[in-house]
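# Remarks on the overall topology
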Amino acid sequence: MKHRAVALPGSKQSAAYVVIVACALMLAACAPAPKAPAKLAFVVEAWRTAVYQTEYMEECPDGIAIGNDEIWFDSLSPAEKDKWTTGGTQQVLDLPRRPQSYLRGPQQEDVCWSPTAVVDPPMRVVRGRYSYGMNLDGTTDGSPTPKSCAHGKFTDPDGKVAVDNQLYRLMGCVYGYRDKGYLEHHANRERQDESQGIILIDVDGVDDARNDPAVQVRFFLSATPLYFDTAGHIVPFSTYETVRGRFGDTVKGRIVEGVLETDPADVTLPVYGNDAAADMVFRDFRIRMEIAQDGTRAKGLWAGYQTVESFWDYIQKVQHNVPVGQYSCPAMYVAAHDLADGYPDPKTGECTALSSAFEFEAAAAFIKLPSGSPSDEERLAKQLTMAGR
Amino acid sequence: MTSTRNSRPTRRSVLRGFLGGAAVSVGLPLFDALLNDNGTAYAAGAPLPLRFGTWFWGLGHTPGRGIEALSGRDYRFIAECAALEPFRARYINYFSGFNTLLDGAASRVHYTGWVAAKCGTVPVKFSGMPAPTLDTFVADQLGRGTRFKSLELSSTGNPKDSLSYGAAGSHNAAEVSPLKFYQRIFGSGFRDPASGPFEPDARTLLRQSVLSAVTEDRKDLERVLGAADRARLDQYFTSVRELEKQLEISAAAPPSMESCRLPATPPDGAPTLAIEEVQAAHDALARILVLALACDQTRVFNLLYSQAASEIRARGTTFTHHILSHEEPMDVNLGYKVQTAWFNEQSFAALARFLTMLGEVREGDGTLLDHLLILAQTDTSDSKTHSVIGIPSLTIGRAGGRVRAGMNVAGNGGPISRVGLTVMQAMGVPVSEWGTRSLRTAEPLAEIMA
Amino acid sequence: MPASTARRLAMLVAAAAFCIAACAPKEPQVRGNRPQLRLLTEDQYRNIIQDVFGPQIAIGGALDPILREEDLVAVSAGRATVSASGFEKFATLGEGIARQVVDPANRDLLIPCRPRRADARDDACAAETLGRVGKLLYRRPLSGAELQRAVETAGAGAARVGDFFEGLTYGLSLLLVSPHFLFIADSLRDEVSPPALTGYAKAARLSFFLWNTTPDEALIDAATRGELDDRSGLEREAERLLKSPRLVNGVRALFSDMLQFEKFVGLSKDTEIYPAFDPQVAQDAREQLLRTITWHLLDQDEDYRRLFDTRVTFMSSALGRIYRVPVEDTVGWSRYEFPAGDMRAGIQTLAGFVALHSHPGRSSPTIRGRAVRELLLCQKVPDPPANTDFSKFNEPAATNLPARDRLKVHSTDATCAGCHRLTDPIGFALENFDGAGQPRTRDQGAAIDASGALDGTEFTDVRGLSGALSEHPSIPACLVQRVTSYALAGTGESFDMPWANYLAEVFRRDGYRLRPLLASIVGSPNFYAVELPVVQTAAAEESHR
């Protein structure tokens, strides 16, 4: 790079200044034009409530949560019990009998849809030290803040973060939600088999896929079927269309050494599984996602305060899971409200949301963002109706 | 050699023309007169049918890791061929030291070896076949009374992977899907001898009438065709006749065969070249084939396990059997290529499984293995160097007592066509000499003839 | 204008005209092929059934493949024969088709008459049906005897089973297995010298070349009226076929043959190494190549050489996963243009080429280079010699090197280099595409070096290869050679090089566009030239012995 010494009357400094500017201009001219910001996109292959578990269930010292069926059976008279026993063993809970076990309100109410109709023994909740998740309220000890109620905190398994995860506390001793249990696994199976409730993550404004201080992240619901390889994994780099008119919340984030993290914001995500569709409404939602070096896959955690209302909406809709999942709706209803630690209701002071964390795996994808034609609107509205929303 | 419509050449001269490698037009009536019309009776007490088959595997075996020669003609199977040892003494002859004498022709890799062994002629052009493969002559001899003159099968999923070529370069494509093969043999055209009193089917007769009407179309087409095209047309009408015979047999009462029973319906689909799939396809096809033989639906078969220059691969690896045979480094301690040897072992394990299935079919005082002869051939001896010197082959079975077994037959550098000639003669094909140029031979291997 | 000037002007004009006439290439006359007997290919069979009976007729099962012996399957079809199992397949398929034709769901559409009684024979209705169908299948009206045979077969069947329609299936089956259907025969006109094809044979040549299917009724009828016996009638029909949208089927068949697309059948990749490559991808990769080719050459009427540096192609959702690009239409096909400067430029960079010419678990510079030489440039690469020394491959570490390093011995060893220098430098440029056609910048951990050379032109990356290919003189010459060979279904022996050279010049003059080339071929008497083979007498043969 050449520079010409320009003799300006008087000042050597100004000459140097001109030289510097000239160099800068030349560099700018020679430098490659900045690349148009790129996108990254991912399709969530599987997600589940993050449940920290030990081999001997140290986190559930009182044992697994008592199931609805047990409670119901215990409430029967000896004669009725006999009717449901064969050779000393309780009969299998098959279809004709199942409704009996939760139609046990005083007026045969379904106790999942009317959880206050009966009072069940209190739910066995997690009493362990560790949990996956994030520090949502900013405290180290769970003392109340304007946005949160007093509650017990966990430590993350690496011992570094004071974790808020009241949802784990609530669900962690429910058999169906633990790793040998059926519910989360089956929900993922259903989502994959039916391509329903599939979450898309769109990351826009990416200048450098490994390090970028400012990106925008949006969440969508997929309208395109999933495609699997012979080993049962989603094939990366499929193109997905989105269901419009719902979801699409935007949050701000950054990528550091291939790890995407976002700022807290209100985000609603779809949940589908176990024959039910609902919304998960989060406040202070944040996501932390590690992107593989070759960009084909990612995994991570999302966390936030899930409103008890949206949580209970899903639980009610999957009430047929109760016998398999082994929990009591009335007990869980009470516990969920007791354990809620986020966003106190201004009138009652009771917290309305549960801190929570979910782990997920994702594959690289392309997202075809909505283009706005009226016929699309109709077609997708029909899809929503079929999904039962 | 000329052949006009009116002269009737002798059987010898026509056969010479056929086997000499030139495409010759042979009128259909000549064909019928040439060959004996035997083997069509299925009355009780008729002699058990004689069967013939070829089995092909690609890339031979590592030299020195197939057999261990013992004293005289005794030997035993070792290492890559160890799976065959249980069958050796009673059923298997191993042929070593027989050469593909090239007479200066260039050897096309993974081609010249098997073409010479199956056709008796070293190919100089690499398109088309220099002569029909020997299995078609055996099929002409043995296959006239059965529903299917011969059956070609490939475990590779590709119908082109069949090494059976008839007259006029006609390629007998292979069945690759076990289900479709099953449907072809045991589907609607199959008469189950166990299914009670037999009723001839009017529709079969009507289908036959269609084919008879087709043959009347000959004359119009032939007017301006050259010799090669006439031969092709002859082959076409031969094929029509084959189907007619197949229907005739379907329309007749089925033979009562001791071990004939319907097999279970196999899964659908042809395999890719992943080794598990090839092996599963091989075994599924073999199972149905064995029962097809037991039910006398055919007496001649050609089963291909892997093609020449076997492209079989193990899942998750980037190298096929073929590439490994060239590029895998020798293990310094063991002295051979370990992965290549593994693939070779799998080939012989598959053959052993096939032989086990055949041995389970009781017939008279023995099993199917006693009443057949299989010629197992490959494309090369040392696959790394594409050598066609000393390509090993095997005969398996006692051919109803016509063949002795359990011998290591040494070729001492002689032409490999002697193996083919011997096998054809054992099967009753009226051929006294076979092959061209240095592969021309009139000396069968007397040591294995009973 | 003074008279002398006018005279000089006139002489100048005359001289110019004379010059133009003399200097413009004159079309040489081809000696003519012997009359061919071509077996139908599976594609032709399916097209014919679809055209004659409609797309609702399902063809269950496959036919035996015609083995490719020469450079084109079209030529091998003239040598192929029908084995016993092959004929069995024709018979089974034919019966299946016949049964569907008479099925109540289809018979209203396909059978032009009704029998007097459904449970008995009706020769009049059978004759009408079989005559119509037969004309389309045999590509000419049935002779009296042929029709009689078919009607009798159907009638006897109807009587036997007591069902007219079932009886008809036997008549239809007869037509569908007849050699007059299965073989396309070059019939000659009676009493004509020099020998000339009948109008029906010309119709068949024209139709199979341009549309890859049986002549339609209009073309057959034109032949019946003798219109194809003279030039103007032939030109009129040729133009009709050229202008039709069905030309795309002929062009697809031509390139499928030239680029050896039958290799797509059974194309499979290792599912662990390339999980994204499944049978749908293989199918779509083939379709992508064909759509790209026909869009450029027919829809856009472009220079043929553009196929080798074009960035425009078509994507399906399966291919989007392989190319790692978003697709506009997740259900069907949408046009896609790679951005300027992208690695993908030209059909040689598309998955249907690079994945087809690779191993199941890795790429292959040698196979791809050979494919470019043989399929695109018509240059034969010799087979590997039988006595190759593979001891150089004895190093254990070799298997984990990038391809260029692993194949170094190809260029350093004298016996290998002769041929590998023809292939490997081309294939190295394509190493940015792995064995499944997916893009990559690294191989075995090392950055890919895609530099190479093609016949004197060196380049540093794959875009350089695209440029070199599109400018290579053998590219257009090879196409002309293949198209002519395909049209005549003959190879160099019977096919005259002077005509190919003339056509190559025409091709150049017309901007290397395919349509004018096709028009030149079908507009030339050479396309219909036949010559009878010399028949040797017995005495002559004896003296040769």
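Residues numbered from 1 in each chain as written. Chains lettered and ligands numbered in written order. Predicted model: local features only at pLDDT ≥ 70, side-chain atom pairs only at ≥ 80, totals over all residues. Heavy atoms only, no water.

## Thoughts on the environment of His-282 of chain B
Residues and elements named next belong to chain B. Basically, it comes down to this: To qualify as a helix, a DSSP run of H or I must reach at least 4 residues; to qualify as a strand, a run of E must reach at least 2; elements of each kind are numbered from the N terminus. Only protein chains enter the calculation, and the probe is 1.4 Å; a residue is then buried if its accessible area is under 20% of its type maximum, exposed if over 50%, and partly exposed in between. Only heavy atoms enter the contact rule, under which two residues are in contact if any of them lie within 4.5 Å.
With respect to the element layout, His-282 can be found in helix H10 (residues 275-294). We classify His-282 as buried; its relative accessible area is 0%. In this structure the C-alpha to C-alpha distance between His-282 and Leu-153, which are 129 residues apart in sequence, comes to 8.6 Å. Residue contacts for His-282: discarding those within four places in its chain leaves Trp-55, Ser-155, Leu-303, Tyr-305, Ala-350 and Phe-354.

## Topic: the interface of chain C and chain A
To be explicit about the condition: Reported buried area values correspond to the accessible surface (1.4 Å probe) lost by two parts on association, with both partners' losses combined. Salt bridges are counted wherever a side-chain nitrogen of Lys or Arg sits within 4 Å of a carboxyl oxygen of Asp or Glu. Throughout this description, a polar contact denotes any pair of N or O atoms lying within 3.5 Å of each other; where both atoms belong to protein, one of them has to be capable of donating a hydrogen while the other can accept it, and for residues adjacent in sequence the pair is counted only when both atoms sit in side chains. Three categories are distinguished: nonpolar for Ala, Val, Leu, Ile, Met, Phe, Trp, Tyr, Cys and Pro, charged for Asp, Glu, Lys and Arg, and polar for the others, with Gly belonging to the last.
With 13 residues of chain C at the contact, the number on the chain A side is 13 residues. When the two sides are added together, the surface that chain C and chain A hide from each other amounts to roughly 1200 Å², 57% of it contributed by carbon and sulfur. Together, Arg-321, Arg-324 and Thr-330 of chain C form the three largest contributors to the area buried by chain C at its contact with chain A, with a combined 48%. Run the count over chain C and chain A and you get one salt bridge. Lys-368 of chain A serves as the salt-bridge partner of Glu-328 of chain C, at 3.5 Å between the closest nitrogen and oxygen. Our count for the chain C to chain A interface comes out at five residue pairs in polar contact (both at pLDDT 80 or more). Looking at the side of chain C that touches chain A, its residues break down into five nonpolar, four polar and four charged.

## Points about the confidence of the model for chain B
Residues and elements named next belong to chain B. Stated formally: Each residue carries a pLDDT value, the predictor's own confidence for that position, ranging from 0 to 100.
On average, residues of chain B carry a pLDDT of 85, and 89% of them reach 70 or more. Long-range and interchain partners of residues 1-45, a stretch whose pLDDT sits below 50, account for 63 contacts in this model, where long-range means more than four residues apart. With pTM at 0.85, the complex prediction returns an ipTM value of 0.84.

## As for the nonpolar core
Side chains of nonpolar character tend, in soluble globular proteins, to be buried together. All names here are of chain C. The line we're drawing: Nonpolar core, defined: a set of buried Ala, Val, Leu, Ile, Met, Phe, Trp, Tyr and Cys residues in which side-chain atoms within 4.5 Å join the residues together.
Phe-209, Leu-210, Phe-255 and Tyr-304 are the most contacted members of the largest nonpolar core, which has 98 residues in total. In terms of residue count, helix H14 (residues 279-299) provides more of this core than any other element does, eight residues in total. For Phe-255, the contacting residues outside a window of four places in its chain are Leu-290, Ile-293, Leu-297, Tyr-304, Leu-479 and Leu-514.

## Notes on the interface of chain B and chain C
Each side of the interface is counted separately: chain B has 65 residues, and chain C has 72 residues. Contact between chain B and chain C buries roughly 5800 Å² in total, counting both sides, with carbon and sulfur atoms accounting for 59%. The interface formed by chain B and chain C includes seven salt bridges. A salt bridge links Arg-34 of chain C to Asp-229 of chain B, with the nearest nitrogen and oxygen atoms 3.0 Å apart.

## Focus: the state of the cysteines
Spelled out, the test is: Any two cysteine sulfur atoms within 2.5 Å of one another count as a disulfide.
Tallying each qualifying case throughout the model produces six disulfides over all chains. Shown here is the disulfide that connects Cys-112 of chain A with Cys-329 of chain A, its sulfur atoms set 1.9 Å apart. Sign of the S-S torsion, about 75° for the bond between Cys-112 of chain A and Cys-329 of chain A, identifies this disulfide as right-handed. Taken together, the residues span a long stretch of sequence, with Cys-112 of chain A in the loop between helix H4 (98-102) and strand E4 (154-155) and Cys-329 of chain A in helix H9 (residues 329-339) at a distance of 217 residues. Pair check on accessibility: Cys-112 of chain A and Cys-329 of chain A agree, each one buried. Here Cys-149 of chain A is linked by a disulfide to Cys-351 of chain A, with a sulfur-sulfur distance of 1.9 Å. An S-S torsion of about 100° defines the bridge between Cys-149 of chain A and Cys-351 of chain A as right-handed. Here Cys-149 of chain A, found in the loop between H4 and E4, pairs with Cys-351 of chain A, found in strand E15 (residues 351-368); they are 202 residues apart in sequence, far enough to count as distant. Here the two residues Cys-149 of chain A and Cys-351 of chain A agree in accessibility, since each one is buried. In chain A, the bonded cysteines, taken in the order they occur along the sequence, pair up as 1-4, 2-5, 3-6. Cysteine Cys-419 of chain C remains unbridged, with the sulfur of Cys-416 of chain C as its closest cysteine sulfur at 9.0 Å.

## With respect to the packing of helix H7 (residues 202-215) of chain B against helix H7 (residues 144-161) of chain C
The test is simple: Where helices are involved, their axes are fitted lines through C-alpha atoms of the stretch in contact, as for all axes, and angles between N-to-C directions lie from 0 to 180°. In these notes the angle categories are as follows: under 35 degrees is roughly parallel, over 145 is roughly antiparallel, 65 to 115 is roughly perpendicular, and the rest is oblique.
Running from amino to carboxyl end, H7 of chain B crosses H7 of chain C at an angle of 170°, the nearest separation of the two axes being 10 Å. Classified by the angle their axes make, H7 of chain B and H7 of chain C are roughly antiparallel. In contact with Ala-202, Arg-203, Leu-205, Leu-206, Ser-209, Val-210 and Ala-213 of chain B of H7 of chain B, H7 of chain C contributes Arg-149, Thr-153, Ala-156, Gly-157, Arg-160 and Val-161 of chain C. A class-by-class count of the residues in the contact of H7 of chain B with H7 of chain C yields seven nonpolar, three polar and three charged.

## Some details on the environment of Tyr-502 of chain C
Residue and element names in this part refer to chain C. Looking at the secondary structure, you find Tyr-502 in helix H23 (residues 497-509). Spatially, the C-alpha atoms of Tyr-502 and Leu-356 are 33 Å apart, while their sequence positions differ by 146 residues. Each residue touching Tyr-502, except ones within four places of it in the same chain, is listed here: Pro-25, Lys-26, Glu-27 and Pro-28.

## A closer look at the packing of H7 of chain B against helix H9 (residues 227-251) of chain B
What describes two packed helices is the angle between their axes and the distance between those same axes. Residue and element names in this part refer to chain B. Applicable threshold: Left-handed is the label given to a crossing in which the near helix is rotated counterclockwise from the far helix by less than a right angle, and right-handed is the label when the rotation is clockwise.
For the pair H7 and H9, the least separation of the axes is 9 Å and the interaxial angle reads 160°. The pairing of H7 with H9 is recorded here as roughly antiparallel in orientation. The crossing of H7 and H9 is left-handed. Where H7 abuts H9, its residues Thr-204, Leu-205, Arg-207, Gln-208, Leu-211, Ser-212, Val-214 and Thr-215 lie against Tyr-236, Phe-237, Val-240, Leu-243, Glu-244, Leu-247, Glu-248, Ser-250 and Ala-251. Residues that form the contact of H7 with H9 fall into these classes: nine nonpolar, five polar and three charged.

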